[in-house]
Amino acid sequence: MKTCPDCGAVFVNNKLTNITITGLPANKLQVKMYLRKTGVVSMAAATESIDTTMPKRKIRLFMEWGSSFIWVYNEDNELIKNGLPDELYPDSGLVAKVNVLNRQYSELFTNNGYEFRYNGFKTHEDENAFERDFNAIYEEIAERTRGKYRVINEYYFTSNTEDVRDL
């Protein structure tokens, strides 16, 4: 098994795979880094070849007060929905998890007509639990929309890194 020392991606059955999530493909950044580092192709060629094989529709996950943290875009990169895509909406379990997280995020703010202020989490444990729940929803959406959407996690916790799943 070959591993890219720069991005952590591994080759499994001749496919570049994301080592952090078993069975999911490597993300775009991992593939680009590997191809550039190994000199297989230029960065421009790597970007072009990857972009043509990825789903054109995307789901961006980022927190915005007063909105769902799920943003769905069509093939032309136009926002078509704020909330779960239609393929996932009938799942009452996932809808409930998303609603809980949206409510928890809203409660991190004061908005009383006189002031709008971010208060933050009460404890570090609360923040860790929120991060865990957010990442679990992200993983579920990425897995269930594999091949249909590019799922992009733009909510940053203490690691401050972007995670993009090109499925």
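For clarity, every value in this text was computed on a predicted model and none was experimentally measured.

### Let's talk about the overall build of the protein
- The number of helices and strands found in the protein is 4 helices and 9 strands.
- Listing each helix as α and each strand as β along the protein from the N terminus yields β-β-α-α-β-β-β-α-β-β-α-β-β.
- Across the 167 residues that make up the protein, the buried fraction comes to 40%.
- Once local pairs closer than 6 in sequence are excluded, the contacts in the protein between residues at least 24 apart make up 46%.
- A total of about 9,800 Å² of accessible surface is found on the protein, and carbon and sulfur atoms cover 50% of it.

### A short note on the environment of Y155
- Among the secondary structure elements, Y155 is positioned in the loop between strand 8 (150-153) and strand 9 (163-165).
- Between the alpha carbons of Y155 and E64 there is a distance of 9.8 Å; along the sequence they are 91 residues apart.
- If we ignore the near neighbours within four places in the chain, the residues touching Y155 are L61, M63, Y105, F121, F130 and F134.

Cut-off values and rules
- Residues numbered from 1 in each chain as written.
- Predicted model: local features only at pLDDT ≥ 70, side-chain atom pairs only at ≥ 80, totals over all residues.
- Heavy atoms only, no water.
- Helix = DSSP H or I, 4+ residues; strand = E, 2+ residues; numbered from the N terminus.
- Buried < 20%, exposed > 50% of the residue type's maximum accessible area, 1.4 Å probe, protein only.
- Contact = heavy atoms within 4.5 Å.
- Areas by Shrake-Rupley, 256 points an atom, 1.4 Å probe, with all protein chains shown as cover.

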